[in-house]
Every structure is written in structure tokens, then in C-alpha cells.
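# Overview (structure and organization)
So the chains spell out like this:
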2 protein chains.
Amino acid sequence: MYGLIGRMLAAEGKREDLLRIMLEGNAAMPGCRSYVIARDPASEDGIWITEVWDSQEQHAASLHLPHVQATIARARPLIAGFDQRFETEPMGGVGI
Amino acid sequence: MYGLIGRMLAAEGKREDLLRIMLEGNAAMPGCRSYVIARDPASEDGIWITEVWDSQEQHAASLHLPHVQATIARARPLIAGFDQRFETEPMGGVGI
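Residues numbered from 1 in each chain as written. Chains lettered and ligands numbered in written order. Predicted model: local features only at pLDDT ≥ 70, side-chain atom pairs only at ≥ 80, totals over all residues. Heavy atoms only, no water.

Under an unreviewed UniProt entry, the name given to chain A is Antibiotic biosynthesis monooxygenase, and the source organism is Devosia elaeis.

Written out as C-alpha cells, the structure reads:
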């Protein structure tokens, strides 16, 4: 399995709008076992995203899915940047 | 929902033993939607744990479950510490 943990920063005052777009954008993605979108309670603009995929290749391929590309296009103007990014090797647990 | 992202550090040379104990310790935990145990490929000793719970109270209560206490007792001698810890407010996504 392949995992990602990252924190996205919304443009000022745009976190709730960005969350709404991202939460609407979660149609099926092949190989995606978990994709959790979370508000960062420690900041005004942070959004944590934690992902588990069957493989790194399936994660990469997901970025080319039409509905993912549409979500990226809608979200991009509301994103200021990313300040945390960790790759992981998920081994197991609950819910994956 | 209540979420946690944390990185645990295994004692030197003990990561695989610690992973094995943690992966065996995942019997049912009320209110737990996701609990992902992952190797940190960027270090020799890091283990990422990402959790989604129905509530912070259910996470706290889980630490008192007999099987969780047993896992903690087995794991503790192999844990050197924790160097990352983020609380989150999961909003939705895939697999929770």
C-alpha cells in the first residue's frame, strides 16, 4: 500500500469553501482505500488530507481522472499552498 | 468526528517488532472509523498512525479497553517516543 499525509493551506478566508469543493469531489477512485479530509483545528487555513492507496501508481493515475481534474480546477484558486507532506507505507489497521 | 495524526519512534532496531505488535492489536474499538498503521519510509524508526473516531471521548475511552491496554503494555518497551502529533476534525471523504 501507499499512503500520503499532507496539510493544504487555503487562501485567506477560503477554507470552508475549499472544504466544500473537496468533499463534493470524492467519487470513486480506483485503488483508493481511504481519503480523509479534515479541518486543522490548530490553524485558520489548514486542511489535513490522509490517503491510503493500493499502490503509488494508482494514486498517480487518480490525478488524471476527469472528475478529479474537475475538482482540482475548482479548488486551485482557493489553495495558498502546502506546508506538510509525508509519504507512508500503510501496513494495516482498522478500516482499510 | 475526531482525528489524530502522529508519528511514533521505535527503539533502535525494534520497528518491525513494534509494527507486528500494533498490527495484532486491532480488535474492535467502539467509535473507531479508521486506524491506519504505516511504516515511515523516510526514517529507520518512524511509524505513522492516523486515526478517525466518532468523537474524542470514544478515542479516550479506547485507551481503557482491556485489549488496548494489553497492546500498550507489550508495545511500550519498544517505543522510544513520539515526534509528531496533530489533532484533526475529519469532515468526510472515502472510507470513513
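Don't stop here, the text continues.
### Some words on the interface of chain A and chain B
Taken together, the contacts link 30 residues of chain A with 30 residues of chain B. Of the roughly 2,400 Å² buried at the junction of chain A and chain B (both faces included), carbon and sulfur atoms supply 66%. For the pair chain A and chain B, the number of links is 2 salt bridges. Where chain A meets chain B, there are 8 residue pairs in polar contact (both at pLDDT 80 or more). For the side of chain A that touches chain B, the elements supplying multiple residues, two or more each, are α1 (15-24), β2 (32-39), β3 (46-53) and β4 (79-94) of chain A. (Contact = heavy atoms within 4.5 Å. Buried area = accessible area lost by both parts, 1.4 Å probe. Salt bridge = Lys/Arg side-chain N within 4 Å of Asp/Glu carboxyl O. Polar contact = N/O pair within 3.5 Å; in protein donor to acceptor, adjacent residues only side chain to side chain. Helix = DSSP H or I, 4+ residues; strand = E, 2+ residues; numbered from the N terminus.)

### Let's talk about the pattern of salt bridges
Note on pairing: side chains with opposite charge can pair once their charged atoms come close. Taken as a whole, this structure holds 16 salt bridges over all chains when the rule is applied. A salt bridge links Arg-15 of chain A to Glu-16 of chain A, with the nearest nitrogen and oxygen atoms 4.0 Å apart. Given the relative accessible area of 11%, Arg-15 of chain A is considered buried. Among the salt bridges present, the one from Arg-74 of chain B reaches Glu-24 of chain B, with a minimum N-O distance of 3.2 Å. (Buried < 20%, exposed > 50% of the residue type's maximum accessible area, 1.4 Å probe, protein only.)

### A word on the pairing of β4 of chain A
Sheet topology places strand β1 (residues 2-10) of chain A next to β4 of chain A; 8 bridges connect them, and they run antiparallel. Residue Gly-3 of chain A lies in a different strand from β4 of chain A, and its bridge partner there is Thr-88 of chain A. (Pairing = 2+ DSSP bridges.)

### Some points on empty space enclosed by the protein
Taken as a whole and assessed by the stated rule, the structure comprises 2 cavities of 30 Å³ or more. Here the largest cavity is characterised by a volume of approximately 100 Å³. Considering the residues around the largest cavity, the lining is formed by 17 residues, among which Val-36 and Thr-50 of chain A together with Thr-50, Glu-51 and Val-52 of chain B are closest to the centre. When residues of the lining of the largest cavity are traced back to their parent elements, those giving at least two are β2 and β3 of chain A together with β1 (2-10), β2 (32-39), β3 (46-53) and β4 (79-94) of chain B. In terms of residue count, the dominant contributor to the lining of the largest cavity is β3 of chain A (4 residues). Among the residues making up the lining of the largest cavity, the classes are represented as 9 nonpolar, 6 polar and 2 charged. Each pocket or cavity is described by its volume, and for the second largest cavity that value is around 60 Å³. Forming the boundary of the second largest cavity are Gly-3, Leu-4, Ile-5, Thr-50, Glu-51, Val-52, Thr-88 and Pro-90 of chain A together with Val-36, Ala-38, Trp-48 and Thr-50 of chain B. Taken together, the elements giving at least two residues each to the lining of the second largest cavity come down to β1, β3 and β4 of chain A together with β2 and β3 of chain B. For the lining of the second largest cavity, a count of residues per class yields 7 nonpolar, 4 polar and 1 charged. (1 Å grid on protein atoms, 1.4 Å probe; cavity = no way out; pocket = protein on both sides within 12 Å on 5 of 7 lines; lining within 4 Å. Points joined across faces, edges and corners; volume = space filled by probe spheres on them. Nonpolar A, V, L, I, M, F, W, Y, C, P; charged D, E, K, R; others polar.)

### Some points on the UniProt feature "domain: ABM" (unreviewed entry) in chain A
With numbering matched to this structure, UniProt assigns "domain: ABM" (unreviewed entry) to residues 2-88 of chain A. Structurally, residues 2-88 of chain A comprises 31% helix and 40% strand, and the distance from its first C-alpha atom to its last is 6 Å. (UniProt positions renumbered as here; feature names shortened; annotations may be inferred.)

### A few points about the relation of the copies chain A and chain B
In the superposition of chain A on chain B (RMSD 0.0 Å, axial shift 0.0 Å), the rotation amounts to 180°. In symmetry terms, the pair is related by a two-fold rotation axis. Residue Gly-95 of chain A, judged by its C-alpha, is the member of chain A lying nearest the rotation axis, at 3.5 Å. A share of 100% of interface residues in chain A that are also interface residues in chain B marks the association as one of identical surfaces. (Least-squares fit on C-alpha atoms with pLDDT ≥ 70 in both.)

### With respect to the side chain of Asp-40 of chain B
Here Asp-40 of chain B is to be found in the loop between β2 and β3. Engagement of the side chain of Asp-40 of chain B in a polar contact is seen with the side chain of Arg-7 of chain B, the distance being 3.2 Å. For Asp-40 of chain B, the side chain forms a polar contact with the side chain of Ser-43 of chain B, separated by 2.9 Å. Sequence-distant contacts of Asp-40 of chain B, that is, excluding residues within four places in its chain, are made with Glu-87 of chain A together with Arg-7, Arg-15, Gly-46, Ile-47 and Trp-48 of chain B.

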